[in-house]
Amino acid sequence: MKKLLRNIYSALALVTALLLISPLAVAGDPMDDVFSLLDSGGGTRSGMNKVDGYYVVAMGTSSRSSEAKGYEEARINALRQLTEMINGVTMSGSTSSSMEYVTVSDGDSNSEFSKESFIDVANVSFKGQLSAAKMLKKGQYDGDYFVAISIAQSDIKNVNKLQSTAGNSNRGGNTIIISTDASNQSIADFNNGSSSVEAKGLASMKVGEQKAREQALQDAIRNAVQQAQGVMLQGKSGTFNDALTMALSTKTEGYVNEYEILDEDIERGSYYVILMAEVNSGKLLNDVNFYLNVLGQPIFTVTSENKSKSAWISDELERLGFSLNDGKTEATHSFALKQSQRQIEDHKGSKGIETALTVTLKDNYTGDILFTVINEPIKTRIVVKPVSRAKQVSEHVAYKQMKKKLGIEVIQSLAKNAEKGTVYKIVLKNAKRTDVDIFKHVLNNGTAGSVESWDWDKTGKKMTLNYRFSGPLSEAFDQGLHEIYRTFKTQGKGRRPHMEKKDPRAAYFNMVRS
């Protein structure tokens, strides 16, 4: 009852704030609200600041012993609270029911669901449409898992209220509407369109006028992108702040369809450019969601020939927001660092030291090497006395070189690998041709992946489908498992699949009679 009253009061507070408070009257920060919610055991907070505009933060918690299940339950809790807060509606069902569906998708439950009970579970799963929601932070606090998610409307001035309008969603869920003095526009519509934004860029004249102009232009484009979508290219992106900043900064120009320079000049030692840019907001949002999904998947382990430098890679990965193997969860990727130093001689005959570094990243499941990064040894040549000092300085220069390369190489390699997709094994025991046809049809048409080939074991009546999908297997089943069960109900000829287990690279079904 207390929780219900708290949600009601929170919703009333948000409505009051949106209707009565001047946009400059409240200052807040989503990450500050995260720490506040940790102490209160979850819930929702709302606020406003100059960067994010109006925002809502929701935190879900879970006391489950399984890390994967705990984070998923907390995430579903947070999403439900977020949509209830904004849309003013209560989602049907409970988190435990929703998790029951997710657990089946993960293959950890051996319970056999009848067709009717599966439909019941599917009906209470989360269906809120929060296309602009993003994860701020997740972790453990006071023995429970927590996930904090936020949604913000940035750079749309004079926002009066957030309200839900039924029937506008293409998928049957709730659509969040931003109501302004000028028009009513859904976040989905805003994100999928283009935005005209005026932005200013600055650069120091110390690099020369031509170079300063180029840098000022790039700064203006980056600021235009930042304004149009409210994505912080240099700031608060949650867990993967630095990683997301790095990923998007390499593609900034790709989000601008065209621009017109309104003014440019030199002022107070800086070159400035003012331009009007047409920003593709939909493409930007899609990339943000893609990178957040990609960056959240890997768990790294690090080995090094130089033990004193193992912590260096770990620190770099943690700075970018990545997770490291803690002995409880299996590492998905492995870093290997190799270092060597050799004595060199300059043109005067003086002796010095040169350092060579190699960092490789391996996919532990496939054994594929995703990248190999090598520094530039010739630029680490240090000729000083004593030799021990030369070794130290040369090593420092080498790791400084590697630091500039490592982050972007990790991000781009993970993204490239994700775009290519992973081949998963879908194993059907006691399978018949009709069973295989249904699985192939749903996976090819009801998910973003496809069945590339299959292997048939006649003796065991076992069919293995080689299914390629860009993302984790659980995400593919989020898209297609419901449709598989529904199709078997109408076309399975008295047969249905029972998921026996699922690991990160395969799912195992036993075909049984209904």
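Everything below is about the structure shown above.
No experiment lies behind these values; they were computed from the predicted model shown.

1. Points about the packing of aromatic side chains
- Scanning the model with the defined rule gives 10 aromatic pairs in all.
- Pairing Phe300 with Phe322 gives two aromatic rings, centres 5.2 Å apart and planes at 85°, and the pair type is edge-to-face. Here Phe300 is found in strand β11 (residues 299-304), whereas its partner Phe322 is found in the loop between α10 (310-320) and β12 (323-324), with 22 residues between them in sequence.
- On the accessibility criterion, Phe322 (5% relative accessible area) is buried.
- Each ring, one from Phe439 and one from Phe488, has its centre 5.8 Å from the other, and the planes form 65°; the classification is edge-to-face. With Phe439 in helix α12 (residues 433-445) and Phe488 in helix α13 (residues 473-491), this pair connects stretches of sequence that are 49 residues apart.
- Relative accessible area serves as the criterion here: at 2%, Phe488 is assigned to the buried category.
- Ring pairs connect the aromatic residues Phe300, Phe322, Phe335 and Phe371, which therefore count as one cluster.
- Here the basic side chain of Lys138 rests over the ring of Tyr71, its NZ or CZ set 4.7 Å away from the ring centre.

2. Notes on the packing of helix α9 (residues 281-295) against helix α11 (residues 387-420)
- Packing of α9 against α11 leaves a shortest axis separation of 10 Å and a crossing angle of 100°. On the basis of their axis angle, the class for α9 and α11 is roughly perpendicular. Together, Phe290, Tyr291, Val294 and Leu295 of α9 and Ile411, Leu414, Ala415, Ala418 and Glu419 of α11 make up the contact between the two elements.
- Residue classes in the contact of α9 with α11 are distributed as eight nonpolar, no polar and one charged.

3. Some words on the pattern of salt bridges
- The full count for this structure, using the stated rule, is 15 salt bridges.
- Salt-bridge contacts for Arg213 lead to Glu264; the nearest nitrogen and oxygen are separated by 2.7 Å. Of this pair, Arg213 sits in helix α7 (residues 209-229) while Glu264 sits in strand β9 (residues 256-267), and the two are 51 residues apart along the sequence.
- For Arg213, a relative accessible area of 31% translates into the label partly exposed.
- For Lys379, the salt bridge is made with Glu376, and the minimal N-O distance between the two is 3.6 Å.
- You can call Lys379 exposed: its relative accessible area is 55%.
- Connected via shared salt-bridge partners are Glu316, Arg319 and Lys403.

4. Things to note about the sheet that holds strand β15 (residues 369-374)
- Ordered by their spatial adjacency, five strands build an open sheet running β12-β11-β13-β14-β15, and the pairing between neighbours is mixed. Looking at which strands have only one partner, the edges of the open sheet turn out to be β12 and β15.
- Here five bridges tie strand β14 (residues 351-363) to β15, and the two strands are oriented antiparallel to one another. Looking at the pairing, Val359 lines up with Val373 of β15.
- Those strands touched by α10 are β11, β12, β13 (333-345) and β14, and its axis lies near 160° from that of β11.

5. With respect to α13
- The largest bend in α13 comes to about 45°, at Gly480.
- Taken together, the buried positions of α13 are Leu473, Ala476, Phe477, Gly480, Leu481, Ile484, Tyr485, Thr487 and Phe488.

6. Brief notes about the environment of Gln297
- Relative to the helices and strands, Gln297 resides in the loop between α9 and β11.
- Taking the relative accessible area as the measure of exposure, Gln297 reaches 38% and is therefore partly exposed.
- Each C-alpha atom, one on Gln297 and one on Leu414, is 9.5 Å from the other, the two residues being 117 residues apart in sequence.
- The contacts of Gln297, once residues within four sequence positions are left out, are Thr332 and Pro472.

7. Section: the nonpolar core
- In this structure, Phe322 and Phe335 are the most contacted members of the largest nonpolar core, which totals 54 residues.
- Ranked by the residues each element gives to this core, the list is headed by α11, at 10 residues.
- For Phe322, the contacting residues outside a window of four places in its chain are Phe240, Leu295, Pro298, Phe300, Leu317, Val410 and Leu414.
- In terms of nonpolar packing, the next biggest core, distinct from the first, is built from 25 residues, Met463, Leu465, Phe477 and Phe509 among them.

Conventions we followed
- Starting afresh in each chain, residues are numbered from 1 along the sequence in its written order.
- Where totals are concerned, whole chains, interfaces and linings use all residues; where local detail is concerned, this predicted model gives features only for residues with pLDDT of at least 70, and gives and counts side-chain atom pairs only at 80 or more.
- Side-chain measures here rest on the full set of heavy atoms in the structure, leaving out hydrogens and waters.
- Between rings of Phe, Tyr and Trp, where Trp is taken as its six-membered ring, a pair exists when centres lie within 6.5 Å; planes separated by under 30 degrees are stacked, by over 60 edge-to-face, and by other angles tilted.
- Helix numbers and strand numbers start at the N terminus; a helix is a DSSP run of H or I with at least 4 residues, a strand a run of E with at least 2.
- Note on classification: 1.4 Å probe, protein chains only; a residue is buried when its accessible area is under 20% of the maximum for its type, exposed when over 50%, partly exposed between these limits.
- Whether a charge sits over a ring depends on NZ of Lys or CZ of Arg being within 6 Å of the ring centre and within 35 degrees of the ring normal.
- Structural elements are reduced to axes, namely lines fitted to C-alpha atoms, with helices fitted over the stretch in contact, and the angle between N-to-C directions of any two is expressed from 0 to 180 degrees.
- Oblique is the label for any angle not covered by the other classes, which are roughly parallel (under 35 degrees), roughly antiparallel (over 145) and roughly perpendicular (65 to 115).
- Residue contacts are counted whenever heavy atoms from the two residues lie within 4.5 Å of one another.
- Classification used: nonpolar for Ala, Val, Leu, Ile, Met, Phe, Trp, Tyr, Cys and Pro, charged for Asp, Glu, Lys and Arg, polar for all others including Gly.
- A carboxyl oxygen of Asp or Glu within 4 Å of a side-chain nitrogen of Lys or Arg is what we treat as a salt bridge.
- For two strands to pair, DSSP has to find at least two bridges joining them.
- The angle between axes fitted to the seven residues ending at a residue and the seven residues starting there is what we call the bend at that residue.
- Throughout this description, the term nonpolar core refers to a set of buried Ala, Val, Leu, Ile, Met, Phe, Trp, Tyr and Cys residues connected via side-chain atoms within 4.5 Å.

Just geometry here; none of it tells us what the structure is for.
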